[in-house]
Each structure stands twice: as C-alpha cells, then as structure tokens.
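# Close look at the chain arrangement
One-letter residues, chain by chain:
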Amino acid sequence: MLFTGTIALISALALRSGAHALILRGLRAPRLAHQRTPADVGLAAQAVRLPAAGGKTLFAWFVPVPGQTPSPAVIVMHGWGANASLMLPALAPLHAAGFAVLLVDARCHGQSDDATFTSLPRFAEDIEAGLDWLHQQAHIDTKRLAVMGHSVGAGAALLCATRRPDVRAVVSLSAFAHPREIMRSLLAEARIPYPVLGWYVMRHVQAVIGARFDDIAPLTSMARLRCPVLLVHGTDDAVVPFGDAQRLQTAGSPGQVQCLAVNGGHDPSTALAVHLPALIGFLRQAVSIDSEL
C-alpha cells in the first residue's frame with residue numbers, strides 16, 4: 001500500500017513538473033532581432049543599458065531633445081514577441097513635437113537580458129526601470145513623463161501608471177481588457193478543455209507570474225488610474241476585439257479617458273502612421289507642452 005502510494009505521488013509530481021515546464025515555455029516570448037534602428041528614420045540615438053529587476057539589464061534607444069531646457073519624455077514599450085525597432089514609426093514625430101523618447105526592449109526581447117519567463121507584470125517592471133533611468137538624466141522634466149505601449153506593453157503601461165504618480169499620461173495601443181479572456185482563447189486554440197485541464201493551467205500561470213489576473217487586468221488598472229489615457233484600437237482587430245477598448249473606456253474615470261477607433265487590426269503601424277497627430281496632440285495637452293514647440 002505504501003509503495004503504491006509512493007508511486008502515485010511520484011507520478012503526480014512528475015506530471016506537475018512537466019506541466020510547469022510547458023507553462024514556462026509558453027511564457028517565453030519569441031525573440032526577434034531589431035529590424036531597423038533610429039538612424040533609419042533620420043535620428044541619432046544613444047544605445048543604453050538600463051538596470052532592471054532581478055539584476056537584469058534592458059537595452060534601449062534614447063533620443064534626447066537638443067538644448068539645455070528640460071524636456072518632457074515618452075517611454076515607448078512594444079508588445080509580446082516584438083522589440084523596440086517595431087515602435088520606430090512613433091519616434092520621429094514624437095521627437096519633432098518636443099519629446100525626448102526612450103524605446104525599450106522588455107526582458108526576453110530584442111537585445112535585453114534573458115529571463116526564465118516574461119509576463120505583463122514584468123513588462124510593467126521594465127517600464128518602471130525606464131522611468132527610474134529618466135529620473136537620472138539631465139535635461140529631462142520628470143514632472144512631464146508619459147508612456148506609450150502596444151498590446152501587452154499597453155496593459156503594462158496602464159498597470160505601471162497605477163503605481164507611479166510621475167506618469168502624466170498613457171497612450172494604449174490595442175490593449176486587451178482582461179488576461180483571463182486571452183488565456184481562455186489561447187487554451188481553446190490549443191484544444192485544451194477548460195473544465196478538465198485549463199483551470200489548472202490558469203491557476204498555475206498566476207502562481208508562476210506571482211499575480212492574480214484580476215489584479216493586473218487592464219480593466220482593474222483603468223479603475224485605479226488618475227492620469228489621462230488615450231485608448232487607440234483597430235476596429236478590425238482579430239486578436240483583441242475593439243469591444244475591449246470600449247470596456248476599458250467605461251471602466252476609466254469619466255473625462256479622463258479618450259477612445260480613438262482606427263481602421264486596421266492589432267498591428268499598431270496603421271495607427272502610428274495615420275493617427276500620430278491625434279496621439280501627439282493628446283500627449284502635448286496631457287503634459288502641458290506649449291503649442292509652439
């Protein structure tokens with residue numbers, strides 16, 4: 001009886017260990033090389049490494065505003081499996097509008113350090129690392145900082161802003177409303193039945209990342225935020241439905257949240273190419289930049 005029980009326990013532990021390994025693998029984003037650099041959009045950038053949580057370092061491009069007058073700054077964070085180079089369409093217009101720009105590679109992405117896994121909370125930690133670094137730079141007006149993020153990076157920007165009163169505004173590109181819904185969709189695509197195994201995967205993922213989905217959900221962040229937010233979302237987004245943006249707007253404080261519907265899907269390039277004047281106008285107003293800059 002004891003031997004049988006021991007074998008059953010070993011088998012259960014082996015199954016759990018195998019499931020844990022698979023979940024960690026699923027929490028590792030594909031790492032893509034940078035496709036372009038700021039030089040390709042006509043700007044000279046400083047390649048810097050930022051200290052991050054867990055003794056890691058992050059790669060980033062920093063493009064300051066010339067002159068001695070302290071300038072506002074925007075941290076730009078990419079989405080899952082992307083990197084800073086894919087957010088370059090925002091760089092030149094933001095810089096021309098008077099913003100210093102910090103484009104960051106999240107951990108496990110681009111040229112930043114590797115880690116066992118990444119997650120929305122870790123993206124938020126990496127944005128905070130960027131904010132901390134900007135506070136140490138001369139000629140940055142640390143009372144006029146904003147964050148722009150895409151997809152998971154957008155959810156992380158919203159979460160970060162709930163913790164950091166120095167974030168004056170957030171531009172969210174294609175943010176999802178709740179990670180539980182994304183996970184349920186991924187489980188369905190993988191044909192993992194929720195009543196049989198999916199519930200365990202969901203619980204274990206939360207244990208691994210060290211946070212409950214309800215606590216880190218953009219819907220929760222929106223209810224806590226006190227800074228202006230611009231939600232930019234494609235009406236044809238097949239990854240995150242446009243309805244998520246509408247729900248996020250409803251969850252936010254009245255008068256502080258704007259929603260900009262754009263033609264296109266989940267990729268932010270259309271929004272960045274066509275609607276940057278609206279995004280910049282929002283940021284300039286949020287951080288009170290003189291319209292003559």
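Heads up: these notes are all about the structure in this document. (Residues numbered from 1 in each chain as written. Predicted model: local features only at pLDDT ≥ 70, side-chain atom pairs only at ≥ 80, totals over all residues. Heavy atoms only, no water.)

## A word on the nonpolar core
Our working definition: Take the buried Ala, Val, Leu, Ile, Met, Phe, Trp, Tyr and Cys residues and link them wherever side-chain atoms come within 4.5 Å; each set so joined is a nonpolar core. The rule is simple: take the accessible area with a 1.4 Å probe, protein chains only, and divide by the maximum for that residue type; under 20% is buried, over 50% is exposed, in between is partly exposed. Every residue pair with non-hydrogen atoms within 4.5 Å of one another is taken to be in contact.
Judged by nonpolar contacts, the single largest core of 55 residues is most densely connected at Leu102 and Leu134. In contact with Leu134, not counting residues within four places along its chain, are Phe62, Ala73, Ile75, Leu102, Ile140, Thr142 and Leu145. Ranked by size, the runner-up nonpolar core spans 34 residues in total, among them Val76, Phe99, Val101 and Ala286.

## Considering the pattern of salt bridges
Test applied: The working definition used for a salt bridge is a side-chain nitrogen of Lys or Arg within 4 Å of a carboxyl oxygen of Asp or Glu. Secondary structure elements are taken from DSSP: a helix is a run of H or I of four residues or more, a strand is a run of E of two residues or more, and numbering for both begins at the N terminus.
Tallying each qualifying case throughout the model produces 14 salt bridges. Glu128 is the salt-bridge partner of Arg163, the closest N and O atoms lying 3.5 Å from each other. Here the residue Arg163 occupies a position in helix α4 (residues 152–163), and Glu128 occupies one in helix α3 (residues 120–135), the gap between them amounting to 35 residues. By relative accessible area, Glu128 is classed as buried at 17%. With its nearest N and O atoms 3.4 Å apart, the salt bridge here joins Asp244 to Arg247. A residue pair is termed a helical-turn pair when its members lie 3 or 4 positions apart in one helix, as Asp244 and Arg247 do in helix α9 (residues 242–251) at 3 residues. Residue Asp244 is classed as buried on the basis of its relative accessible area, which comes to 7%. Connected through salt bridges with shared partners, the residues Glu128, Asp132, Arg163, Arg164 and Asp166 form a single ionic network.

## Regarding empty space enclosed by the protein
Rolling a probe over the atoms, with the probe sized like a water molecule, indicates the empty space that remains. Rules: Using only the protein atoms, space was sampled on a 1 Å grid; points where a 1.4 Å probe fits but cannot get out form cavities, open sets with protein on both sides within 12 Å along at least five of seven lines form pockets, and lining residues are those with an atom within 4 Å of a point. Grid points are joined across faces, edges and corners, and a volume is the space filled by probe spheres set on the points. Residue type decides the class: Asp, Glu, Lys and Arg count as charged, Ala, Val, Leu, Ile, Met, Phe, Trp, Tyr, Cys and Pro as nonpolar, and the leftover types, Gly among them, as polar.
Following the criterion strictly, the structure yields 1 cavity of 30 Å³ or more and no others. Put simply, the largest cavity is a space of about 50 Å³. Elements that contribute at least two residues to the lining of the largest cavity include exactly β7 (229–234) and α10 (269–274). By residue number, the principal contributor to the lining of the largest cavity is β7, which donates 3 residues. In the lining of the largest cavity, the residues fall into 5 nonpolar, 7 polar and 1 charged.

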